[in-house]
Amino acid sequence: MEPHHAPRHARKRGGRWLLPALVGSACAVFLLCLLPHLMPTASASGQPAASPAPVESAPDSGTPGISVNWEPSPSPAPEEQEEAPWYLRLVNLENRLPQDFTVELAQVDGGPFDARAAEALSQMLADMEAQGLSPMVCSSFRTWEDQETLHQNKIDSLLEEGYSQEAAEAEASRWVVPAGASEHQLGLAADIVASQYQILEEEQENTPEQQWLMAHCQEYGFILRYPKDKTEVTGVGYEPWHYRYVGVEAAQEIMAQGICLEEYVGQ
Ligand SMILES: [Zn+2]
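It should be emphasised that the depicted structure is a prediction, and the values quoted were computed from it without experimental measurement.

Conventions used here
- Residues numbered from 1 in each chain as written.
- Predicted model: local features only at pLDDT ≥ 70, side-chain atom pairs only at ≥ 80, totals over all residues.
- Helix = DSSP H or I, 4+ residues; strand = E, 2+ residues; numbered from the N terminus.
- Buried ≥ 20, exposed ≤ 12 C-beta atoms within 10 Å, placed from the backbone.
- Contact = placed C-beta atoms within 7 Å.
- pLDDT = per-residue confidence, 0-100.
- Pairing = 2+ DSSP bridges.
- Axes fitted to C-alpha atoms, helices over the stretch in contact; angles between N-to-C directions.
- Core = buried A, V, L, I, M, F, W, Y, C linked by C-beta atoms within 7 Å.

Chemist: An account of the overall build of the protein chain is needed here, citing residue identities and associated values.
Modeler: Along the protein chain, the regular secondary structure elements total eight helices and six strands. Every one of the 267 residues in the protein chain was classed for burial, and the buried ones make up 25%. Sequence-distant contacts in the protein chain: of pairs separated by 6 or more residues, those separated by 24 or more amount to 64%.

As structure tokens, this is what we get:
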């Protein structure tokens, strides 16, 4: 039965399309004839039509005679947006530095630091000492190789403790991230401890030096980078010794709101 039906369907289909095609052609011819009468600009004699109102320099304003207050878009297209300023650069496991990253360094008491922020760090340390405190920078700028070695050392010690390779790598990254993922490589992070208590553990927060830093670091443009209640966001354990330079404005806001850098820059 199928062979009989198929040709009939084909004929029927052809017939259905014939009428719309004819109507379409007729409409097109009609519109072409009408077009000169619809055009508003010039008459058939070649005389200019009634002069349109002056148009401000408005590219693509569309209809003549309508003035459009055209202004360039104030916000650049996403691909043209500027990078974050150097002092707000986010570095973590998801935002890694390239291996060829370089930065101009200045020597601060305790090690090299980004030259643009070195004075802020020096001033903060000097003001602490002026108040009888005794801070000590135990780590500042690190090279790629420095970070790689520290990370591997942490993995090795965890392996010795009995961790599996996979577990050791995961745990190590919570404390000593792999090369490229540490903001110490930016030259904007300093681990500051009390001279009398140099152990990098949670109790560091009880020293007068940390108490002072947590209360005043933002005045110098620094933040406590890995707060206790933000480990889920930062991916790094609580480090009451790791301070990061972000500039005074951002530091004031971050510390006042109790947020972390990831939240401040919106990532
Ligand atoms: Zn650190």
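After that view of the structure, there is still more to cover.
Chemist: Tell me what's going on with the confidence of the model for the protein chain, and back it up with residues and numbers.
Modeler: Considering every residue of the protein chain, the mean pLDDT works out to 79; 69% of them sit at 70 or more. Per-residue pLDDT stays below 50 along residues 1-67; that stretch engages in 19 contacts with residues further than four places along the chain or on separate chains.

Chemist: Summarise the sheet that holds strand β5 (residues 222-224); cite the residues concerned and give the values.
Modeler: Consider a sheet: its strands pair through backbone hydrogen bonds, and that pairing is either parallel or antiparallel. Strand order in the open sheet made by the four strands is β3-β4-β6-β5, with antiparallel pairing throughout. The open sheet has two free edges, formed respectively by β3 (135-139) and β5, since each of these has just one partner strand. When the angles between neighbouring strand axes are averaged without regard to direction, this sheet yields 40°. Bridge count between strand β4 (residues 189-194) and strand β6 (residues 242-245): three bridges; the pairing is antiparallel. The residue of β6 that forms the bridge with A190 is Y243. Helix α5 (residues 208-216) rests against β3, β4, β5 and β6 of the sheet, and its axis sits at about 140° to β4.

Chemist: Describe the nonpolar core, and please don't skip the residues or the numbers.
Modeler: One finds A117, L121, C217, F222, I223, Y243 and Y245 to be the most contacted residues of the largest nonpolar core, which totals 39 residues. Broken down by secondary-structure element, the contributors of at least two residues to this core are α2 (118-130), α3 (144-160), β4, β5, β6 and α7 (248-257). For I223, the contacting residues outside a window of four places in its chain are C217, Q218, Y243, R244, V246, A251, I254, M255 and L261.

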